[in-house]
Amino acid sequence: MLTWLRVLSDWIWQDRLWFPAGLGWANLKDRDGQVFAKGRDLWVIFPIAVCFLIIRQIFERTVAVQLASLLRVREKPRVRAAPNTTLESYFCNASKFPSQSSVEELTKQSACSVRQVQRWFRRRRNQERPSQIKKFREACWRFTFYVLAFIAGLGALIDKPWFYDMEEMWNGFPTLPLLPSQYWYYMIELGFYISLLFSVATDVKRKDFKEQIVHHVATILLISFSWLVNYIRAGTLIMLVHDASDYLLESAKMFNYAGWRKTCNYIFILFAAVFILTRLVILPFWIIHTTWVYPLTLYPPFFGFYFFNGLLFVLQCLHIFWAGLILRMAIKFLPGNVCIPKPNHHRVVSWTEIEPSPEPYTTLHHHHHLNLSKTIY
């Protein structure tokens, strides 16, 4: 069995799959005082992820709670569903949204009217909606990480030639010495994304939950692979581009939960502009162009080349998906647009509820809760 695994490992990691012809893992051995990225370095991301989970719990229970109080985040009172074992059993074991025929059957079993059953399920679903405080704490934690990560990434790249001329990311490949700033930028980003996967069960679940999982997994694979084969210069640029807009969305969420509608609107419009610029312009036309087109002028294509760019295209498809949601949302924030409420406005459609300020718009009876998916990454 061990022999079979060793043979499989040797086949998977053979030089010709991951490097251009004539280059390989031997080129990434430390020498002459130069240190190169190694696969075993990635084990440190797991204790870092655990540390992030611990720090997050402390942060959300102290700093985030205090900030929520400072911004006067208030929880709206909720009417609790009356105890009913029959309806509770159906709610927990069958469905939270019973069909009309199921409602009629439940009326016979529970001795309630159709309206009472429908009201009970509506209130019971409302009880399980995450509280404003919980959503604020989650957004506050992510905002803090993303803004610090963006500042740190900018500090690590601002004096590097490949920050200004992206073709420089291939100068000397694959024998690109590892810098301490690159090491910590990678490990911290990877540790954070691993911690997001660990906490996904307890975080507020949005409609784009599956897209988020795909995004996190693709990001982790992309960052890890770029580390293994020393695409580190490209990897740091990709991480910086993703961090550039994420903190703006999280801050818009925070102000939305606090009821600062105008501030939320302005930050969201800024976020939409930065997102479009970084994810739909800089990433595809600068970075992906430099990882997909320019290397072909230096080396013949190889499997690692296709694998790396394939992961980038997966992320780009998710960016296009989210950009459509963001643009629809941003248009509703522009002055002169009408906010039309939809009948089922209690359903959590996606990652957050961002409601436009009433002053610049014509509203009908009550404000429609608009919902948006967060990007990455």
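About the criteria used
- Residues numbered from 1 in each chain as written.
- Predicted model: local features only at pLDDT ≥ 70, side-chain atom pairs only at ≥ 80, totals over all residues.
- Heavy atoms only, no water.
- Helix = DSSP H or I, 4+ residues; strand = E, 2+ residues; numbered from the N terminus.
- Buried < 20%, exposed > 50% of the residue type's maximum accessible area, 1.4 Å probe, protein only.
- Contact = heavy atoms within 4.5 Å.
- Areas by Shrake-Rupley, 256 points an atom, 1.4 Å probe, with all protein chains shown as cover.
- Phe/Tyr/Trp six-rings, centres within 6.5 Å; stacked < 30°, edge-to-face > 60°.
- Patch = residues over 30% accessible without salt bridge, like charges linked within 9 Å, V, L, I, M, F, W, Y side chains within 5 Å.
- Salt bridge = Lys/Arg side-chain N within 4 Å of Asp/Glu carboxyl O.

Draft legend 1. Just the overall build of the protein, in detail. The number of helices and strands found in the protein is 14 helices and four strands. Put simply, the protein has 377 residues, and 47% of those count as buried. Within the protein, counting contacts between residues at least 6 apart in sequence, those at least 24 apart form 80% of the total. A total accessible area of about 19200 Å² is found for the protein, and carbon and sulfur atoms account for 64% of it.

Draft legend 2. Structural context of the packing of aromatic side chains. Tallying each qualifying case throughout the model produces 41 aromatic pairs. Where F52 meets W141, the ring centres are 6.2 Å apart and the plane angle is 70°; that geometry is what we call edge-to-face. Of the two residues, F52 sits in helix α3 (residues 45-61) while W141 sits in helix α8 (residues 132-157), which places them 89 residues apart along the sequence. Owing to a relative accessible area of 12%, F52 belongs among the buried residues under this scheme. With a relative accessible area of 6%, W141 lands in the buried category. Plain terms: the ring middles of F52 and F192 are 5.8 Å apart, the flat faces sit at 80° to each other, and that makes the pair edge-to-face. Note that F52 is positioned in helix α3 and F192 in helix α10 (residues 180-198), a separation of 140 residues in sequence. Across the pair, F192 and F52 agree in class, each one buried. Here the aromatic cluster, defined as three or more aromatic residues joined through ring pairs, consists of W13, W18, F19, W25, W170, F173, F225, Y231, Y299, F303, F307 and F308.

Draft legend 3. How the structure looks around unusual backbone geometry. The residue after F173, namely P174, is reached through a cis peptide bond having omega 0°. Notably, D32 is not glycine yet its phi reads approximately 55°, a positive angle. Residue D32 is classed as exposed on the basis of its relative accessible area of 77%. In this model, R72 sits at a positive phi of 60°, which is unusual for a non-glycine residue. Relative to the helices and strands, R72 resides in the loop between α4 (63-70) and α5 (85-93). On the basis of relative accessibility, which here comes to 61%, the residue R72 falls in the exposed class.

Draft legend 4. Spatial organisation of a nonpolar patch on the surface. A grouping of W43, F46, V50, I54, I58 and F198 is seen on the molecular surface, where their side chains present a nonpolar patch of about 650 Å² in accessible area. Of all the elements, α3 adds the most residues to the nonpolar patch, at four residues. Counting through the fold element by element, W43 comes out in the loop between α2 (15-18) and α3. A relative accessible area of 64% means that W43 is categorised as exposed.

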